[in-house]
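# Coordinates in review
Listed below are the residues making up each chain.
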Amino acid sequence: MKRATDAIHMGLMFAALGITYLVPFELLLLSYVVLGPAHYFTEISWLHDRKYFLPHRSIPIALAVIAVIAALIDNASWFGFVMWMAFVVCVLLAAATTPLQSTALVMIAIGLTAAMAMNGSSLAVLGILLPTLIHVSLFTLVFMVLGAVRSGSKLQALLVVLYLAAILILLVAPPSAETQIPAFARVTQEYFGNVAPALGRLLGIAGVKLDTKLTSLLAFVYTYHYLNWFIKAEVIRWADISRTRLALLAAASAASTALYFYDYTFGFTVLLALSLVHVVLEFPLNALALRQLGTAIGQGVWQRTRRA
């Protein structure tokens, strides 16, 4: 069963890559609008049943409120600061297991925050990339690598390699600019345009624009991020809920998508807030996964050192 799931997983990855080459702009928008809400609601439901991997139920409520407030912040630096602080708090609550670890993480966080504050654009860049590229690509990769390490599956390791190869292929040989449809390109630029300059500042590359190359990258990582979640239904059992709750989640997802088609400016605002809520509520799980991956890698290195 697990090998079959991995095979379907691989097929979905190839499908996402293939469709990206055909219609990158349409794929990015439709994935965000149609697949996005379904992912957000079902993951929040799954996290709720696991207490959001936090010690107290009241904390997720506070995180959700912070996410909604953050969606209303116009200043990029303050938005980045709020998102960064939310992530730091979640790391302390979910990943630190001893007072010494908590103290060390607080000191590291203070140092990083001060460094970013002194560099005027760093917090703004982090605020743009953390809930977008970092969330849908880097954290997805962390979960994939962690799954491969835990299972020892060569097929899951191959999935990691293929995922990285797909990203590289899109960067080296992106779809032709002829695939660009002006109407979709304008909407994409309006809602995802800030990712390009933020990525450029992070990499130290001037003049980065939301061209076909970057759009195709976003289309692939967003689509695969959503599909990667849905294929995990049998693995992490997120669909093991009552029919009533499943129907409510489906209705909420459809309503969110309908808002976008009714008035895409208002719909996108709602989707942005919903997306940020799901991103922030996932921070504790992200922090836990990073700690577990670091532990697994450290144990592997230690075992190999002892054998040598």
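Residues numbered from 1 in each chain as written. Predicted model: local features only at pLDDT ≥ 70, side-chain atom pairs only at ≥ 80, totals over all residues. Heavy atoms only, no water.

If you trace the backbone, Leu 93 turns up in helix α4 (residues 76–94). With a relative accessible area of 33%, Leu 93 lands in the partly exposed category. Leu 93 sits 40 residues away from Phe 53 along the chain, and the two C-alpha atoms are 8.9 Å apart. (Helix = DSSP H or I, 4+ residues; strand = E, 2+ residues; numbered from the N terminus. Buried < 20%, exposed > 50% of the residue type's maximum accessible area, 1.4 Å probe, protein only.)

By the element assignment, His 9 lies in helix α1 (residues 2–22). Ignoring any residue separated from it by four or fewer positions in sequence, one finds His 9 in contact with Leu 159, Tyr 224, Asn 228 and Ile 231. (Contact = heavy atoms within 4.5 Å.)

With that settled, the discussion passes to the pattern of salt bridges. If you walk through the whole model with that rule in mind, you get two salt bridges. Of the charged contacts, one joins Asp 49 and Arg 245 as a salt bridge, the two residues approaching to 3.0 Å between their closest N and O atoms. Linking Asp 49 in helix α2 (residues 24–49) with Arg 245 in helix α12 (residues 243–262), this pair joins segments that are 196 residues apart in sequence. Overall, the relative accessible area of 38% leaves Asp 49 in the partly exposed class. When its relative accessible area of 27% is taken as the criterion, Arg 245 is described as partly exposed. As a salt-bridge pair, Arg 237 and Asp 240 come within 2.7 Å of each other at their nearest N and O atoms. (Salt bridge = Lys/Arg side-chain N within 4 Å of Asp/Glu carboxyl O.)

With 88% of its residues at a pLDDT of 70 or more, the chain has an overall mean of 86. The lowest-confidence element of the chain is helix α8 (residues 182–192), averaging 62 in pLDDT; the highest-confidence one is helix α7 (residues 154–172), averaging 94. (pLDDT = per-residue confidence, 0-100.)

As a further point, take the packing of aromatic side chains. Counting across every chain of the model gives 16 aromatic pairs. Consider the rings of Trp 84 and Phe 87, whose centres lie 6.3 Å apart with planes at 35°: the pair is tilted. In this pair, Trp 84 and Phe 87 are both assigned in helix α4, three residues apart and thus about one turn of the helix distant. An aromatic cluster of three or more residues is present, and its members are Tyr 32, Tyr 40, Tyr 222, Tyr 226 and Phe 268. (Phe/Tyr/Trp six-rings, centres within 6.5 Å; stacked < 30°, edge-to-face > 60°.)

The topology assignment puts Leu 22 in helix α1. Residue Leu 22 is classed as exposed on the basis of its relative accessible area of 62%. Sequence separation between Leu 22 and Ser 216 is 194 residues, and the spatial gap between their C-alpha atoms is 9.6 Å.

It is at 5 Å that the axes of α4 and helix α6 (residues 122–151) come closest, and there the two elements cross at 50°. When the axes of α4 and α6 are compared, the pair comes out oblique. Considering how the two elements wind past one another, α4 and α6 form a crossing that is left-handed. On α6, the residues touching Ala 76, Ser 77, Phe 79, Gly 80, Phe 81, Met 83, Trp 84 and Phe 87 of α4 are Leu 123, Ala 124, Leu 126, Gly 127, Leu 130, Pro 131 and Phe 139. Looking at side-chain class alone, the contact of α4 with α6 contains 12 nonpolar, three polar and no charged residues. (Axes fitted to C-alpha atoms, helices over the stretch in contact; angles between N-to-C directions. Parallel < 35°, antiparallel > 145°, perpendicular 65-115°, else oblique. Left-handed = near helix turned anticlockwise from the far one by under 90°. Nonpolar A, V, L, I, M, F, W, Y, C, P; charged D, E, K, R; others polar.)

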